[in-house]
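Here are the chains, one letter per residue:
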Amino acid sequence: MKSEIVEGLESVVGADWVVTDVDQMRDYLADETPEPVRPKSSSEVVVVKPNTTGQISKILEFANEESLPLIPRGAGTGLCGAAVPTEPGVILSLERLDEILEVDENNFTVTCEAGVTLEQLLDELKEHESLFFPPHPGDEGAQVGGLVVENAGGVRAVKYGVLRDFVRGMRVVLPTGEVLKLGGKVVKNNTGLDLMQLMIGSEGILGIVTEVTLRLYPRPKQGVSLLVPFEDRHSAVGTVPKILQRGVIPLAIEYMERDLVERSCEHIGESWPAEEGEAYLFVIVTGNTEDNVYSQCETIDEVCKDQGADRMLFADRRRDRDKLLDIRSNIYTALEPDSADILDVTVPPSRTGELMDEVDRVAEEFDVYIPAYGHVGDGNLHPHIMKENDEAPPATEEIKEKIYQIAIDLGGVITGEHGIGKTRVKNLPQILVGKHVDLMRGIKKIFDPNGIINPGTVVDSDES
Ligand SMILES: Cc1cc2nc3c(=O)[nH]c(=O)nc-3n(C[C@H](O)[C@H](O)[C@H](O)COP(=O)(O)OP(=O)(O)OC[C@H]3O[C@@H](n4cnc5c(N)ncnc54)[C@H](O)[C@@H]3O)c2cc1C
C-alpha cells in the first residue's frame, strides 16, 4: 500500500489504529464463507480502525478523493464473502465503535454503535429484565451494523420478523463522507422516501452504518421447548401451517432430520432425546403466564396428534431447553468443516416440503450429499453442499444454480438470510434482470459516484 495512503489514514485515526503488517491483518482477509467458494482476498490492503462517526466521515472523504476501494468490516461472520477485500484497498473495521449508548425503557428502544456485538447487546439487556431483543441469528459475535446491513434473520423470525422489523433509526456515513441521520425512536415515519429501509440489507455497498436504534419488546416471562417426532418429512412440514392456523405463533419452528441431529449430537457429545421418528419439529413457545404457554402447547399437541405424531417431548427445565437448542444450533458447526457451500434458499412456507424433495433429487442426480434443515416456519432452508474426499464437488456451481432455480420456480428467492455478497453476484441474473438491476446500479451510483465502497458486492458495476 502506498505510503501516502497509510499516512492519510494515520492522520485521521493515529498510527496505532492503522495496520499494514499482513500477519496482523490475516483475520480481516476472510469471513465465514466456506473456503471452497470464498473469494480470494487481496493482500494489498490496509486495515483502519476508527472510533467515531467523524473519523469515518474523514476516511471516506479521503478514500473518495483517491478513488480507493474501501470495505466496511463487521465481525466477519458473513457467509457470502461480502466482507472479503478482493481488490487492493482499505478495510474499515467497525470494532472500536462498541458502545451501547442508551436503553430507553419507555420507548422500548436501544441505541448502540455499529460495532456492538449481538452478544454484548444481549448481555446489556440482562440488566433490563423487562426488555427483550428477539432476533437471534446463529453467531452472537456478529455486529449490530453487520446484522442490519445483512438484514439478518434466524430462528425467531417466525414470531417477530427479521432485522428490518427492528430498525427504528440509524446514523450512516455516505461514501462521499456526508453523515445522514435516518429515522429515530419514532414508531411511525412517512417523511419522504425511506432511505433507512434502503440501507437495511444493502450489504455495505451504499454507506457505513455507525449507529443504530433498535426496537425492543417486553420480555416474555415463560418459555417451553417441544420436540415432535414424525415418521416422515411431509407430515412434519405439513403440520406447521396447521399450528399457525390455530392461532399459535411459536417463537421458533425448526425442522431437522434424524441423521443431522445425530451428527450434531456426536459433534457436541450429547444424546438425542427422541427414540422415535425420522423427521422432527423443534418448537419454542413463549408467553407471559404458565397457563398461556401450556395452553399453546396443548393446541400444538392436538394438531400434531391429528397429523399422526403422538409422542411430543416437552422441555420446560432450562437445562433441557438449552440442550435441544444446542443440538439444533450445532447442526451448522457439525456440517461446516465438510461443507463446500451453505445455501439459504427461501420459498413460501407452505412449499418447504417440495423444496426439500427437489433438493434431494438434485443430490441424487449429481451423486452428492446435500443435507438440509432450517426455519420451516418461514420457508427458509439451509442445504449444505458437502465436500467429497475433502474437495468441493466439481459440479458445485451447477448444483447451486439448480437449487436456486428450484426455489425460484416454487415462488421463492435464492437467499432469505445471507445475502448476495460476492459469491452470488453471478447468480443474481437468475432472479433479477433488466430494469430491476439497472435501478439497483443507478441507486449505487447516486450514493457512491466513484464506486469505492465494497466493489464487486451485490451488483457488478455498470458495464454499459
Ligand atoms: C455460525 C453462523 C450462524 C449464522 N446464522 C445466521 C442466521 O441465523 N441468520 C442470518 O441471517 N445470518 C446468519 N449468519 C450470517 C452472519 O452472521 C450475518 O450475515 C451477520 O449479519 C454478519 O454480520 P457481521 O458483523 O459479521 O458482518 P460482516 O461479515 O463483517 O460483513 C457483512 C457485510 O456487511 C458489511 N458491513 C459490516 N458492518 C457494516 C457497517 N457497520 N456498515 C456498513 N456495512 C457493513 C460488510 O462490508 C459486508 O458487506 C450466521 C453466520 C455464522 C458463522
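Residues numbered from 1 in each chain as written. Predicted model: local features only at pLDDT ≥ 70, side-chain atom pairs only at ≥ 80, totals over all residues. Heavy atoms only, no water.

**Section: the packing of helix H1 (residues 3–13) against helix H3 (residues 53–66)**
Helix packing for two helices is described by the angle between their axes and how far apart those axes are.
Working step 1: Taken N-terminus to C-terminus, the directions of H1 and H3 make an angle of 160 degrees; their axes are 9 Å apart at the nearest point. By the angle class used here, H1 and H3 are roughly antiparallel. Note on packing geometry: the crossing formed by H1 with H3 is right-handed. Together, Glu-4, Ile-5, Gly-8, Leu-9, Val-12 and Val-13 of H1 and Gln-55, Lys-58, Ile-59, Phe-62 and Glu-66 of H3 make up the contact between the two elements.
Working step 2: Class assignment of the residues belonging to the contact of H1 with H3 gives a composition of 6 nonpolar, 2 polar and 3 charged. (Axes fitted to C-alpha atoms, helices over the stretch in contact; angles between N-to-C directions. Helix = DSSP H or I, 4+ residues; strand = E, 2+ residues; numbered from the N terminus. Parallel < 35°, antiparallel > 145°, perpendicular 65-115°, else oblique. Left-handed = near helix turned anticlockwise from the far one by under 90°. Contact = heavy atoms within 4.5 Å. Nonpolar A, V, L, I, M, F, W, Y, C, P; charged D, E, K, R; others polar.)

**What about helix H9 (residues 258–268)?**
Working step 1: Turning to H9, its buried residues number three or more, namely Arg-258, Leu-260, Val-261, Ser-264 and Cys-265. Summarising the axial view, the buried residues of H9 lie within an arc of 165 degrees, below the 170-degree limit, and thus occupy one face.
Working step 2: Where H9 is buried, its residues meet strand S13 (252–257), strand S14 (279–287), helix H11 (318–335) and strand S17 (372–375). (Buried < 20%, exposed > 50% of the residue type's maximum accessible area, 1.4 Å probe, protein only. Arc of directions from axis to C-beta.)

**A few points about the pattern of salt bridges**
Working step 1: Evaluated as defined, the whole model comprises 27 salt bridges.
Working step 2: Between Glu-397 and Lys-400 there is a salt bridge, with its nearest N and O atoms 3.5 Å apart. Taken together, the residues Glu-397 and Lys-400, both in helix H13 (residues 396–409) and 3 residues apart, mark about one turn of the helix.
Working step 3: Glu-397 sits in the partly exposed class, given a relative accessible area of 29%.
Working step 4: For Lys-400, a relative accessible area of 1% translates into the label buried. (Salt bridge = Lys/Arg side-chain N within 4 Å of Asp/Glu carboxyl O.)

**Regarding the environment of Leu-428**
Working step 1: Along the chain, Leu-428 turns up in the loop between H13 and helix H14 (435–447).
Working step 2: Sequence separation between Leu-428 and Ala-30 is 398 residues, and the spatial gap between their C-alpha atoms is 22 Å.
Working step 3: Those residues within four positions of Leu-428 in sequence are excluded, and the remaining contacts are Ile-420, Met-440, Val-458 and Val-459.

**With respect to the UniProt feature "domain: FAD-binding PCMH-type" (unreviewed entry) in the protein chain**
Working step 1: In this numbering, the UniProt entry assigns the feature "domain: FAD-binding PCMH-type" (unreviewed entry) to residues 40–219.
Working step 2: Along residues 40–219 the backbone is 21% helical and 26% strand, and the end-to-end C-alpha distance reaches 43 Å. (UniProt positions renumbered as here; feature names shortened; annotations may be inferred.)

**Considering the sheet that holds strand S1 (residues 18–19)**
Working step 1: What the 4 strands build is an open sheet, ordered S1-S2-S4-S3; its pairing is mixed. On the outer flanks of this sheet lie S1 and strand S3 (70–73), each paired with one strand and no other.
Working step 2: In this structure, S3 lies alongside strand S4 (residues 89–93), joined through 4 bridges in parallel fashion. The residue bridging Leu-70 from the neighbouring strand is Val-90, located in S4. (Pairing = 2+ DSSP bridges.)

**Examining the domain arrangement of the protein chain**
Accessible area lost when the parts come together is the quantity often used to give the size of an interface.
Working step 1: Here the domain parsing of the protein chain yields domain 1 (3–93), domain 2 (100–218), domain 3 (222–333) and domain 4 (343–427).
Working step 2: In this assembly, 7 residues from domain 2 lie in contact with 8 residues from domain 4.
Working step 3: Summed over both sides, the interface between domain 2 and domain 4 buries roughly 530 Å², with carbon and sulfur atoms accounting for 38% of that surface.
Working step 4: Joining domain 2 to domain 4, the criterion identifies 0 salt bridges.
Working step 5: Broken down by class, the residue content of the side of domain 2 that touches domain 4 amounts to 3 nonpolar, 2 polar and 2 charged. (Domains from an automatic or database assignment. Buried area = accessible area lost by both parts, 1.4 Å probe.)

**Description of the sheet that holds strand S10 (residues 208–215)**
Working step 1: Within the open sheet, the 5 strands sit side by side as S5-S6-S10-S8-S9. Their pairing is antiparallel. Two strands close off the open sheet at either side, each with one partner strand: strand S5 (100–104) and strand S9 (179–183). Looking at each pair of strands side by side, their axes are set apart by 10 degrees on average, direction ignored.
Working step 2: Bridging between strand S8 (residues 167–173) and S10 involves 6 bridges; their strand directions are antiparallel. In the strand pairing of S10, Val-173 is matched with Ile-208.
Working step 3: Across the sheet, H3 lies against S8, S9 and S10, angled at about 50 degrees from S8, the strand it touches most.

**Thoughts on the packing of helix H8 (residues 233–245) against helix H10 (residues 290–306)**
Working step 1: Look at H8 against H10: their axes get within 10 Å of each other, and the N-to-C directions meet at 140 degrees. Here H10 runs oblique to H8, going by the angle between their axes. Read as a crossing pair, H8 and H10 show a hand that is right-handed. Contacts from Thr-239, Lys-242 and Ile-243 in H8 reach Ile-300, Val-303 and Cys-304 in H10.
Working step 2: Of the residues assigned to the contact of H8 with H10, the class counts are 4 nonpolar, 1 polar and 1 charged.

**Description of the site of the ligand**
Working step 1: If you check the shell around the ligand, you find 34 residues, and the closest are Pro-72, Gly-74, Gly-76, Thr-77 and Gly-153.
Working step 2: Between an oxygen atom of the ligand and a side-chain N or O atom of Asn-454, the distance comes to 2.9 Å.
Working step 3: Contact with the protein chains removes 95% of the 980 Å² of surface that the ligand exposes when unbound.
Working step 4: When contributions to the shell around the ligand are tallied by element, the ones reaching two or more residues are helix H5 (144–149) and S10.
Working step 5: When residues in the shell around the ligand are grouped by element, the largest group, 4 residues, is from H5.
Working step 6: Grouping the constituent residues of the shell around the ligand by class yields 15 nonpolar, 14 polar and 5 charged.
Working step 7: Among the domains, domain 1 (3–93) and domain 2 (100–218) are the pair contributing at least three residues each to the shell around the ligand. (Near = heavy atom within 4 Å. Polar contact = N/O pair within 3.5 Å; in protein donor to acceptor, adjacent residues only side chain to side chain. Areas by Shrake-Rupley, 256 points an atom, 1.4 Å probe, with all protein chains shown as cover.)

**Focus: the packing of aromatic side chains**
Working step 1: Summed over the entire model, instances satisfying the criterion amount to 6 aromatic pairs.
Working step 2: Consider the rings of Tyr-160 and Tyr-217, whose centres lie 4.7 Å apart with planes at 75 degrees: the pair is edge-to-face. Here Tyr-160 is found in helix H6 (residues 157–160), whereas its partner Tyr-217 is found in strand S11 (residues 217–218), with 57 residues between them in sequence.
Working step 3: Take Tyr-160: its relative accessible area is 12%, and that puts it in the buried class. (Phe/Tyr/Trp six-rings, centres within 6.5 Å; stacked < 30°, edge-to-face > 60°.)

**Examining the side chain of Thr-286**
Working step 1: Here Thr-286 lies in strand S14.
Working step 2: Only 3.3 Å separates the side chain of Thr-286 from the side chain of Lys-159, close enough to count as a polar contact.
Working step 3: Excluding residues within four positions of it along the chain, Thr-286 makes contact with Lys-159, Pro-220, Gln-222, Gly-223, Leu-251, Asn-292, Val-293 and Gln-296.

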